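One-letter residues, chain by chain:
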Amino acid sequence: MSMERRTILKGLAAAPVALAAPGYLRRAAAQEGTLDVAAVYSLSGTFANVGTLLNNGSQWAAEKYGSVLGKKINYILLDDRGDPGEAVRKVQEVMTQRGVRHIVGCTNSAIALAVQKEVFARGGVYVQMAGADESTGKDCNRSNFRWPVASYSAVNATVRPLIEKFPNAKKWYTITGQYVFGDSLLTNCKAIFAEKGLTHVGNSYHSLSDREYSGYIATALAAQPDVLAICNFGNQTLDVIRQAISFGMKRNTKILAIWSTGLDQYQALGPDNCEGVYFGCNFWHGVDTPGARAVAEVVKAKTGDVPNYLHACGYAVVQVLVEGIKKAGTTDVPAVIKALEGMSYEGPTGLETVRAEDHQVIKDYYLMLGKAKGAMKDKNDFADIVSATKAFLPPDKTGCKMT
Amino acid sequence: MTQLLLFQVLNGLGIGMIYFLLSVGLTLIFGLMRFVNFAHGAFYLVAAYLAYAVTAATGSLWLALLVAPLAVTALAIVVERLLLRHTYAMPHEAQILITFAVALLIQEVVIMVFGPLGQNVPTPAALSGVVFLGPYVYPAYRLFVVVVTAVVAAALWLAVERTKLGAVLRAGSESAEMVGLLGINVSRVFMATFALGGALAALAGVLAAPIRGVEPFMSAEALGIAFVVIVVGGLGTLSGALVGGLLIGIVQSVMSTLWPGGAQLMVYAAMALVILVRPAGLLGRF
């Protein structure tokens, strides 16, 4: 009996060491030959369609680079199922239990804002694609880097060129999603309307789950606007455009979708709906730059088709991280962050620069115009670029106080 | 403003007819079989995607209007014979679980086959313009859907009130047991009802596709609206689905001028009010 007890006690004493050892070894292996990069995307839930494609873009970029500074990139997918809480838990787990310090990706702003706090608290570096201003604004932190432009840039890069193109378009109507992102688009619009002396003839808020817009469109029609500016995102943008066109709004009004993801939305609308509608986009495959060609090559090899915004965005966040590591010459986080600040690189939209003060990537945002079916050169040639603008708030106006 | 509000009422009637079409299949099944068919949204989804596939291949929405309801009816019959039939002796939770599982399965299959992104179903050229109703503008296609729905409503009313099957349906919704004791094959009647409910959901799906486009999560709207409509109108009654649909449509449309941000909210507020005042629904009876 006492022999058994002693054996058991010895076994119990040995157990924690046995459990800890593999972890230690794993970490040691990680430091020597591989670099763990965690990617936070939703592969289920209502944003699954977005998350899946973003993940593809990031994973293919990681495969293309293969390794950085001699370390093989180990791509770890964290599926948050569309829930910010789940995302934070998974990031926490992978940072504390596996020592991961390099993280990319988000499927929406809520997830990004939650994760960027967590990554900062645990001393990591995070490159993501949130749309909300706050991410590099009042919620900015040293660990956080954002690739796409946010609402200020989207509005200024679309509304201003449209005003220049149509100086007689004085009456603007807005249909706005009643949530933070929609409101920030609207606020930015109103600022420009006031500055340019335009008449904001009305605004209709709608909720996050709305699908029926005929009432709002009727109200808009009654105000007889020159331009209908749509301040929402995703399927809701498509719903408003489709229904506005069905009510004949295109005849007398210019329709502007300020925040569009481009190709995938054009495909969902079809050329007849796209024709004559203005769209604002973070990426367009038709722009020929070395960075865009790199993305196009990777996507063509995997899908046989051109990249859409989601592919490009997923690719870009990994590209920024890896280029930062290469420039720093080490995977050590503070050095990578320092290297990233002010770094320029050939990104999907051309030469892009990471602004040091708020870690926002300075890049073009496009205003595009949908073309007629007969004018399409190929099945993806839905729209032409009207203008490409880098419109950003000066760092001191963004509300970002980097500690 | 009055002119705009008047238009919103008319527009609300139009939306209401579409909502009725979304709901009538669900209420029919509930009336006879006494459970909420969670696969209702999935039948709507499959039909909409079939409409996309058919119009992409042939350019004809009319062909889709023929093919999709038939295909979905077949699907509904398969689901009923293979799965549901074995659960009638069980409590209603079993039917809810099975139809919910079928709904999830169907949604994932749709994503596997068609991909996760939305697609376009073009409006037939003949219906792609607007019509002028007095001072108002209204999409020709929506008017067409309203007319089709009215015809379907009339046909259903005739079928339920004037045919033997309708009599069996009405009797079955009062007491399925009694109908069985009278020598009628209740199992067959259930199958026919489930198939009809599926066919109606499919018709709604094809007609809605040019208005909404197709995307894998569109079933949420169908099920959500249908549920609200039949609760407001009265579970299991056709006229209730019509009244409920029109009421919800008008509330939503009028609110989009009076309180745009709260239009969706007011739909659910109306439902809450109806449940408080008349728990069985406006035209329902327990």
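Residues numbered from 1 in each chain as written. Chains lettered and ligands numbered in written order. Predicted model: local features only at pLDDT ≥ 70, side-chain atom pairs only at ≥ 80, totals over all residues.

Student: Help me understand the interface of chain B and chain A, please; the structure alone is not making it clear to me.
Tutor: You'll often see interface size given as the accessible area lost when the parts meet. Each partner contributes to the interface: chain B provides 29 residues, whereas chain A provides 33 residues. Per element, the largest residue contribution to the side of chain B that touches chain A is five residues, and it comes from helix H1 (residues 2–33) of chain B. The residue makeup of the side of chain B that touches chain A, split by class, is 14 nonpolar, 12 polar and three charged. (Contact = placed C-beta atoms within 7 Å. Helix = DSSP H or I, 4+ residues; strand = E, 2+ residues; numbered from the N terminus. Nonpolar A, V, L, I, M, F, W, Y, C, P; charged D, E, K, R; others polar.)

Student: How should the sheet that holds strand S3 (residues 71–79) of chain A be read in this particular structure?
Tutor: In any sheet, the strands associate via hydrogen bonds between backbone groups, in a parallel or an antiparallel arrangement. Residues and elements named next belong to chain A. The mixed open sheet is built from six strands, whose spatial order is S2-S3-S1-S4-S5-S6. A strand with exactly one partner marks an edge of an open sheet, and here the two such strands are strand S2 (67–68) and strand S6 (144–146). Across three bridges, the pairing between strand S5 (residues 125–128) and S6 is parallel. Note that in S6 the partner of tyrosine 126 across the bridge is asparagine 144. Sitting on the sheet, helix H4 (residues 109–121) is in contact with strand S1 (34–41), strand S4 (102–104), S5 and S6, with an inclination near 165° to S5. (Pairing = 2+ DSSP bridges. Axes fitted to C-alpha atoms, helices over the stretch in contact; angles between N-to-C directions.)

Student: I would appreciate a short explanation of the packing of helix H5 (residues 140–162) of chain B against helix H6 (residues 164–174) of chain B in the present structure.
Tutor: Each pair of packed helices gets described by two things: the angle between the helix axes and the distance between those axes. Residue and element names in this part refer to chain B. Contact pair H5 / H6: the axes reach a minimum separation of 5 Å and the direction vectors enclose 75°. Taken as axis vectors, H5 and H6 run roughly perpendicular relative to one another. Along the contact surface, H5 presents Ala159, Val160, Glu161 and Arg162, while H6 presents Leu165, Gly166, Leu169 and Arg170. A per-class count over the contact of H5 with H6 returns four nonpolar, one polar and three charged. (Parallel < 35°, antiparallel > 145°, perpendicular 65-115°, else oblique.)

Student: What should I look at first to understand the sheet that holds strand S10 (residues 254–260) of chain A in this one?
Tutor: Residue and element names in this part refer to chain A. What the seven strands build is an open sheet, ordered S8-S7-S9-S10-S11-S15-S16; its pairing is mixed. Single-partner strands in this sheet number two, and they are strand S8 (199–206) and strand S16 (383–389). With strand direction ignored, the average angle separating the axes of adjacent strands in the sheet is 20°. Bridge count for strand S11 (residues 278–281) against strand S15 (residues 365–370) is four bridges, and the pairing is antiparallel. Of the residues in S15, the one forming a bridge with tyrosine 278 is leucine 369. With respect to the sheet, helix H6 (residues 180–196) is in contact with strand S7 (171–177), S8, strand S9 (227–231) and S10, its orientation differing from that of S7 by roughly 165°.

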